[in-house]
Every structure is written in C-alpha cells, then in structure tokens.
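# A look at the structure
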Amino acid sequence: MKALVYHGAGKKAWEEKPKPVILKPTDAVVKILKTTICGTDLHIMKGDLPEVADGRIIGHEGVGIIEEVGSAVSNFKAGDHVIISCVTSCGKCENCKKGMYSHCADGGWILGYMIDGTQAEYVRIPHADNSLYPIPAGADEEALVMLSDILPTGFECGVLNGQVKPGDTIAIVGAGPVGLAALLTSQFYTPAEIIVIDTDENRLAVAKTFGATQTINSANENAVEKVMSLTNGKGVDTAIEAVGLAVTFEMCESIVAAGGHIANIGVHGKSVTLHLETLWSRNISITTRLVDTVTTPMLFKTVQSKKIEPKKLITHHFRLDQVIEAYETFGNAAKEKALKVILEN
C-alpha cells in the first residue's frame, strides 16, 4: 500500500509500505476512505516530537471500512463503516476505567505517533472495540472525520477543562481548526462573550461566522490591552490556548481574570514561562490535557442533529496520493486560507 512516511524533521515521502495485518486478537484493519491533517502532524514534521521514529506513517484521524477483525473483536465486523478515534483505549486498565483513555496502559495517543497511522490506504487499529465508532447509513463522512480528534479535543481540553459557564467571558487564543472547534463547542454553555485572537484575518473572519463576538488580530494591535479594554480591566473568565507557542501561553497568563482558568490545548515543543510572580495570588487554575475522546458519542449526536456543523471547518479537498501537496496547503494556512483539508482514498 501507499502511505505518508516521516523520515525526520522536515522530511516526508509518499511511498510504498507493507499493508497492515492483524497482530493481536483485539485488532482491526481499516481501509481508509477519508482522512485529514492535524496541527499535531505539523509539529511532528517540524521535529517538535523527536520520539517519533524514522519510517513512521503519520496521521491519527479518519473514517473507513473495516477490512478484517481479530478473533476477540465483538462490536465490529468486516464491511462496517467506522470513525477512527485518535486515541486508542483498551477500556480495561486503571486509567481507562477513570475515563482517561489518553493514558491507557496499552494505548492512548499512539496512532501516527508510536505506531503507524491513518495517512495511508490502510491502518491497523488496536483495541478496535473501544477505539472505533460505527457510522450509520447516510451520515456525512466528511463531518464525522472532525470527530476523530479536533471536536473532542477543543471541547474536552478547552471548554470542559476551562469550566466555561453561562454568562462567562472567554478568550480563545488561536483560530486554527482546534481553536474553532473550541469556539463551536463552547456555545453549548452560552458564554456571554467569546473573544478570538489570531494573526490571520481570514481565520478571524471565519471565527465571526462561527459565533465569536469579538476578534483581535494580534499582529496589528496589542491583544492584551484590547482584551483588558473589552473586559473593563478584569480579564476573561477562561483563556483557551490553542496554538502551542510560548508567546500565546503567556498571552493567556496576561488576560485571565482573578479566579479564572487557563486551559491549554496547544502542543508545546518548547518551554514557556510560568509567571507565578503575578499569578500566585490570583486564584488561577491552569489545566493541561491530552484528549480522552470520552465525549465523542455525545458530540456524534450533536453533529447528527445539526446542532453543530463541523463540516464548515473543511476548506480544501485532495486525493490521498496528493498528501504532500495537502501538507503544503495546510502548512501555509494564511496564504491558502486553509482550515481542515480532506484527503480521500
């Protein structure tokens, strides 16, 4: 089969790889129908996650058709149409029983990271019973790709960890796909003000159409001063960091109100400065999280009922064998006006 293969920082290739096979009775092999590229994949390609091995197939999102299942798989069979979760969970270990699937003793985020992933014609899914979700007939595949990762990530790591409540003022720093997913799902809790901060005018314009009440281009104005002006000097109840840079994390530290929450979503490849000299007395909660995907079934229902429409995040379509071109487009998001890309096999 063909797949996108990582060969070290800045090096990738669309090349021939062995088709995956069942290695354990709990495995399934899935033929990829549609997949996408995540900001985390860009971090891998930059070398921010050096533990990713040379030769790894990248990608952790997608929908497909089951080709084969192991003898212990009971929820699925060959021919089933499925969403692939970005997090693999055994469902049996101590952490899984806490709902912390991201730290499964025999899984977690391993797809396209520790094991071969979904930017390929086929992928092996360990613990298939707990790591796949059935797709009903007639469902919109492209919308459901967004349930693999970005919707639960924005919701769990940003909105839930940030304890967004009715009437709150929140700021989302970063209007990429995961920041916009946090914007969409924050509206479950009817915050009074949603301020979105980015340097990309196109993404800010999209954020407005998705429900942002204020947008700030931090390339053109002092975002901290603007937020403090908008909040009468108080700051925001929740600051969601959705970029993964020191400067954006420090911005969240500067705009959070007393008693507020900083919810980190971004993948940080470098250290940040924690300003305890200003935060120590301000009753601030700082949370980190890797998505657990425990909310995927609920989010699936909201997508099916059209309460949220994640398909609006999709801006570009490519064939799977155009994945190198797709990376160029996604990596130059401001120039290409790109959000999520769909790769179709």
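Below is a short write-up of the structure. (Residues numbered from 1 in each chain as written. Predicted model: local features only at pLDDT ≥ 70, side-chain atom pairs only at ≥ 80, totals over all residues. Heavy atoms only, no water.)

### Side note on the packing of aromatic side chains
If you walk through the whole model with that rule in mind, you get 3 aromatic pairs. For the ring pair Trp109 and Tyr113, a centre distance of 3.9 Å and an interplane angle of 0° mean the geometry is stacked. The burial state of Trp109 is the same as that of Tyr113; both residues are buried. Relative to Phe188, the ring of Phe155 has its centre 5.5 Å away and its plane inclined at 75°; by these criteria the two rings are edge-to-face. (Phe/Tyr/Trp six-rings, centres within 6.5 Å; stacked < 30°, edge-to-face > 60°. Buried < 20%, exposed > 50% of the residue type's maximum accessible area, 1.4 Å probe, protein only.)

### Side note on the sheet that holds strand 12 (residues 256–264)
Pairing in this open sheet of 6 strands is parallel, and the strands run 10-9-8-11-12-13 from one edge to the other. Looking at the sheet topology across the chains shown, the edges are occupied by strand 10 (214–217) and strand 13 (285–287). Sheet twist, expressed as the average angle between the axes of neighbouring strands with direction ignored, equals 15°. Here 4 bridges tie strand 9 (residues 193–198) to strand 10, and the two strands are oriented parallel to one another. Bridge pairing in strand 10 places Val196 opposite Thr215. (Pairing = 2+ DSSP bridges. Helix = DSSP H or I, 4+ residues; strand = E, 2+ residues; numbered from the N terminus. Axes fitted to C-alpha atoms, helices over the stretch in contact; angles between N-to-C directions.)

### Some words on the side chain of Glu141
Its place among the elements puts Glu141 in helix 4 (residues 141–145). At a separation of 2.6 Å, a polar atom in the side chain of Glu141 contacts the side chain of Lys34. Among the polar contacts listed, one links the side chain of Glu141 to the side chain of His81, at a separation of 2.6 Å. Ignoring anything within four residues of it in the chain, the contact list for Glu141 reads Leu33, Lys34, Val63 and His81. (Polar contact = N/O pair within 3.5 Å; in protein donor to acceptor, adjacent residues only side chain to side chain. Contact = heavy atoms within 4.5 Å.)

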